[in-house]
Amino acid sequence: MGVNRVSEILQVQFPIIEGGMAYVGNGELAAAVSNGGGFGQVAISGRTPEGFEEQIKIAISLTDKPFGVNIPISGYFTYNPYFDVVQKYKNHIHAISLASGDPRPYIPYFKGMGLKVMVLVGSVKHAINAEKAGADIVICEGFEAGGRNSPYELTLFGLVPQISKVVTIPVVAAGGIATGRGVIAAMALGAEGVQMGTRFIATTECQAHDHYKNLLVDAKDDSTVVVERSVGRVSRVLKSPYVNKVIELERKNPAPEELYPFISGQRNRLAALEGNVEEGWIHAGQSVGMITSVIPAAEVIQQIVQEMDEYRESLNHALDLFLNPSGEVRI
Ligand SMILES: Cc1cc2nc3c(=O)[nH]c(=O)nc-3n(C[C@H](O)[C@H](O)[C@H](O)COP(=O)(O)O)c2cc1C
């Protein structure tokens, strides 16, 4: 029997990745995902270099399994202090995922440190560029995803087949996945692994405020909305009176200095870590309607794997019926 390429590259039991998450992608969660057989990641967004290092140390202390880090190349940071932290812990960090801006100059740099490099993409062109620049894996993120999305706003159903057709490196699907059926669907489209964000927030090890986690459990299919389009960004967040206020303000086409205080990272921090959704917003993807409980991250992975296994048989049966091998016309 062969080996799943994503599992092989990341040295994990299951090709299930915890996506980098601003403020809430902490070391304890990364370690829990890795201990559960997936691939956890510590995110830099929302952290100082010292805070980032602290979370890496926590992950190292809690797992001897491979884990990674996530850096969005968005042009807002001075990256060097974060890069120095990655360099310092390069023997513990197995892979890095690069998101947002142009990752090409950084791919050889991190590969030179001996890390595997994953690149988040939201279009065919960017996937091709990532492969050409030496990426090991492309993570194809659809518009369903929580957090900041690609401005192309392409959904996973359109994106995965088109990307997997043109790259030879493995494709991981991200956005809207929270169940075993979702993983099977992603694989049917051409993905060899999945990345989840929102589902891993509703876990006991995630440092998100309990109010955030409970709101995710209560949320439904239509509970998310996109904000920040007026400033050229696409951020999927949970609907709330505060978010409605931001959307109203954006409709009035405000000057950036008028809008910015309402959409700064601090607003996200306040809601995500302090549970203050009256004065800030929380990111969430469309998968939120499938989240029914706050459980350990390892259990999330077990449930997904179990559901995939259980669903296999009924899927085969459904496919047989669909393809109608007997050729009968049944009206
Ligand atoms: C709260 C939150 C914060 C996120 N922050 C980042 C980030 O800092 N860097 C990044 O590459 N992706 C970020 N993402 C995207 C995730 O890594 C992941 O690709 C996405 O959540 C997948 O979609 P899902 O939420 O539907 O599972 C974030 C997502 C969420 C929900």
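The name given to the protein chain in an unreviewed UniProt entry is Probable nitronate monooxygenase, and the organism recorded there is Effusibacillus consociatus.

### Describing the sheet that holds strand β3 (residues 67–73)
Spatially, eight strands are ordered β1-β9-β8-β6-β5-β4-β3-β2 in an open sheet, and the strand pairing comes out parallel. Every interior strand has two partners, whereas the edge strands, β1 (16–18) and β2 (41–43), have only one. Mean inter-strand twist for the sheet, computed between neighbouring axes without regard to direction, equals 25°. Sheet analysis places strand β5 (residues 116–121) next to strand β6 (residues 137–141), joined by four bridges and oriented parallel. Pairing of M118 across the sheet is with I137, part of β6. Across the face of the sheet, helix α6 (residues 124–132) comes into contact with β5 and β6 while running at roughly 165° to β5.

### Things to note about helix α7 (residues 156–166)
Residues of α7 that are buried include every one of L156, L159, V160 and I163, and no others. Burial along α7 is one-sided: seen end-on, the buried residues are contained in an arc of 95°. Every exposed residue of α7 that faces more than 90 degrees away from the buried side is listed here: F157 and K165. On its buried face, α7 sits against β5, α6, β6, β8 (171–174) and α8 (180–189).

### Section: the packing of helix α3 (residues 49–62) against helix α4 (residues 80–88)
Closest axis-to-axis distance for the α3/α4 pair is 9 Å, and the angle between their directions is 25°. In this view, α3 runs roughly parallel relative to α4, as classed from their interaxial angle. Between α3 and α4 the crossing geometry is right-handed. Across the interface between the two elements, P49, F52, E53 and I56 of α3 pack against P81, Y82, V85, V86 and K88 of α4. Broken down by class, the residue content of the contact of α3 with α4 amounts to seven nonpolar, no polar and two charged.

Quick notes on the rules
- Residues numbered from 1 in each chain as written.
- Predicted model: local features only at pLDDT ≥ 70, side-chain atom pairs only at ≥ 80, totals over all residues.
- Heavy atoms only, no water.
- Pairing = 2+ DSSP bridges.
- Helix = DSSP H or I, 4+ residues; strand = E, 2+ residues; numbered from the N terminus.
- Axes fitted to C-alpha atoms, helices over the stretch in contact; angles between N-to-C directions.
- Contact = heavy atoms within 4.5 Å.
- Buried < 20%, exposed > 50% of the residue type's maximum accessible area, 1.4 Å probe, protein only.
- Arc of directions from axis to C-beta.
- Parallel < 35°, antiparallel > 145°, perpendicular 65-115°, else oblique.
- Left-handed = near helix turned anticlockwise from the far one by under 90°.
- Nonpolar A, V, L, I, M, F, W, Y, C, P; charged D, E, K, R; others polar.

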